[in-house]
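# Per-entry structural report
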Amino acid sequence: MRLDPLVEVLEGKRYVHSHCYREDEILMLLRVAKEFGFKVRTFQHVLEGYKVADELAAAGVGASTFSDWWAYKVEAYDAIPYNAALMTRRGVVVSINSDDAEEATHLNQEAAKSMKFGGLSHEEALKLVTLNPAMQLGIDKRVGSIDVGKDADLVIYNHDPLSAYAVVQKTLIDGRVYFDRQRDIAQRPEREKERKALIDKEKKSAEKKPDATVTVGPKPDEKKPEAKKPEEKKPEEKPKPPTLMSSTGGAQ
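Residues numbered from 1 in each chain as written. Predicted model: local features only at pLDDT ≥ 70, side-chain atom pairs only at ≥ 80, totals over all residues. Heavy atoms only, no water.

### What about the packing of aromatic side chains?
For the structure shown, the criterion picks out three aromatic pairs. Summarising the aromatic geometry, the rings of Trp 69 and Tyr 72 are spaced 6.1 Å apart at their centres and angled 85 degrees between planes, so their arrangement reads as edge-to-face. Residue Trp 69 is classed as partly exposed on the basis of its relative accessible area, which comes to 27%. When the ring of Tyr 82 is compared with that of Phe 117, the centres are 5.7 Å apart and the planes differ by 80 degrees; the resulting orientation is edge-to-face. Taken as a pair, Tyr 82 in the loop between strand E3 (62-65) and helix H4 (83-89) and Phe 117 in the loop between helix H5 (107-116) and helix H6 (122-127) lie far apart in primary sequence, 35 residues in all. Overall, Tyr 82 belongs to the partly exposed group, its relative accessible area being 39%. Through pairs of rings, three or more aromatic residues link up here, namely Phe 66, Trp 69 and Tyr 72. (Phe/Tyr/Trp six-rings, centres within 6.5 Å; stacked < 30°, edge-to-face > 60°. Buried < 20%, exposed > 50% of the residue type's maximum accessible area, 1.4 Å probe, protein only. Helix = DSSP H or I, 4+ residues; strand = E, 2+ residues; numbered from the N terminus.)

### Observations concerning the environment of Leu 137
Structurally, Leu 137 can be placed in helix H7 (residues 131-137). Along the sequence, Leu 137 and Gly 62 sit 75 residues apart, while their C-alpha atoms lie 9.7 Å from each other. Setting aside residues no more than four positions away along its own chain, Leu 137 makes contact with Tyr 15, His 17 and Arg 41. (Contact = heavy atoms within 4.5 Å.)

### Thoughts on the nonpolar core
Core analysis: the largest hydrophobic core is formed by 27 residues, its most contacted members being Ile 26, Val 40, Phe 43, Val 46, Leu 56 and Met 87. Elements represented by at least two residues in this core include exactly strand E1 (16-20), helix H2 (23-36), strand E2 (40-45), helix H3 (53-59), H4, strand E4 (94-96) and H5. A total of five residues in this core trace back to one element, the largest contributor, which is H2. Setting aside anything within four residues of it in sequence, one finds Phe 43 in contact with Ser 18, Cys 20, Ile 26, Leu 29, Leu 30, Leu 56, Val 61, Gly 62, Ala 63 and Ser 64. (Core = buried A, V, L, I, M, F, W, Y, C linked by side-chain atoms within 4.5 Å.)

### Things to note about the pattern of salt bridges
In the structure shown here, the tally under the stated rule is 17 salt bridges. Here Lys 113 ties to Glu 110 by a salt bridge, and the two come within 3.1 Å at their closest N and O atoms. One end of the pair, Lys 113, and the other, Glu 110, are both in helix H5, three residues apart, so they sit about a helical turn from each other. On the accessibility criterion, Lys 113 (26% relative accessible area) is partly exposed. (Salt bridge = Lys/Arg side-chain N within 4 Å of Asp/Glu carboxyl O.)

### Section: H2
Taking 1.5 Å per residue, 14 residues should reach 20 Å; H2 reaches 20 Å between its end C-alpha atoms and fits that length. Taken as a whole, H2 has its buried residues at Ile 26, Leu 27, Leu 29, Leu 30 and Ala 33. End-on view of H2: buried residues confined to an arc of 165 degrees, all on one side of the axis. For H2, exposure combined with an orientation more than 90 degrees from the buried face picks out Arg 31, Glu 35 and Phe 36. Check the buried side of H2 and you find it contacts E1, E2 and H3. (Expected span 1.5 Å × (residues − 1). Arc of directions from axis to C-beta.)

### Considering the sheet that holds strand E5 (residues 154-157)
Here we have three strands laid out as an open sheet, ordered E5-E6-E7, and antiparallel in their pairing. Edge positions in the open sheet fall to E5 and strand E7 (176-180), since each of these has one partner strand only. Neighbour to neighbour, the strand axes of the sheet diverge by 20 degrees on average, direction disregarded. Where strand E6 (residues 168-173) and E7 come together, four bridges link them in antiparallel fashion. Residue pairing across strands places Leu 172 opposite Val 177, the latter belonging to E7. Running at roughly 50 degrees to E7, helix H8 (residues 181-208) makes contact with E6 and E7 of the sheet. (Pairing = 2+ DSSP bridges. Axes fitted to C-alpha atoms, helices over the stretch in contact; angles between N-to-C directions.)

### Some details on the confidence of the model for the protein chain
When pLDDT is averaged across the protein chain, the result is 88; 83% of the residues are at 70 or more. Taken together, the stretch residues 246-252 has pLDDT below 50 and engages in zero contacts with residues farther than four places along the chain or on a different chain. (pLDDT = per-residue confidence, 0-100.)

### Overview of H8
With 28 residues, H8 ought to run about 40 Å at 1.5 Å a step, and its terminal C-alpha atoms sit 40 Å apart, in line with that. The N-cap of H8, judged by a side-chain oxygen 3.0 Å from the amide nitrogen of Gln 182 a few residues on, is Asp 180. (Polar contact = N/O pair within 3.5 Å; in protein donor to acceptor, adjacent residues only side chain to side chain.)

### Overview of unusual backbone geometry
Positioned with a positive phi, His 45 is a non-glycine residue whose angle comes to about 75 degrees. Looking at the element boundaries, His 45 is found in strand E2. Assessed through its relative accessible area of 5%, His 45 is described here as buried. Not every positive phi belongs to a glycine, and Ala 71 is a case in point at roughly 60 degrees. Mapping Ala 71 onto the fold places it in the loop between E3 and H4.

Below, the structure written as structure tokens:
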């Protein structure tokens with residue numbers, strides 16, 4: 001059972017997405033994959049991928065990297081913001097990711113940085129967060145681009161998606177609207193009213209509850225009983241030694 005995943009890797013049924021930073025780590029796994037006959041689907045983080053971009057392209061391996069994180073630990077000292085663009089120019093399928101929960105909400109803006117650092121075109125930069133990651137995950141037949149027959153998973157912005165001023169207006173999943181900004185704004189007063197009502201209800205509920213604290217010790221107006229002093233033990237009288245009687249005798 002524990003070795004079943006490795007069998008699936010060797011049979012090509014399970015995709016290998018490997019975490020890495022440095023070029024030596026990347027080349028090591030590429031050699032292992034070649035020796036045992038399996039394929040690495042994508043290297044994650046791959047901050048020194050630009051150093052071995054030709055080897056990645058030759059192996060047909062994807063790279064999912066940060067936009068501009070570097071020098072935050074030893075493994076990242078050689079990372080550069082041109083990484084995504086340089087690997088793209090060498091023929092590697094590149095995507096932009098993030099370990100940060102907040103930054104992951106605006107990867108469209110992170111992808112746009114590759115236009116400044118490396119000179120990617122608008123289309124190439126947009127692919128870093130749309131079609132390319134779908135290809136790396138093997139789901140590009142369903143998502144990643146707007147094509148007939150694909151899932152209708154769409155995001156509509158009020159500006160260019162790569163602009164820092166772009167704000168999501170609608171989000172659709174399988175053709176159904178899951179988020180509508182105008183509807184959200186219209187519903188905010190009602191939600192705020194409901195929120196306040198719930199808070200007030202909670203406060204009133206807390207006020208009605210009796211004090212469950214248990215007082216340990218005497219009440220404020222209750223006098224403490226005087227503690228009995230322990231009886232002092234008198235020292236035991238030692239028996240006196242017997243008195244010696246002086247006697248006189250003999251001839252006088």
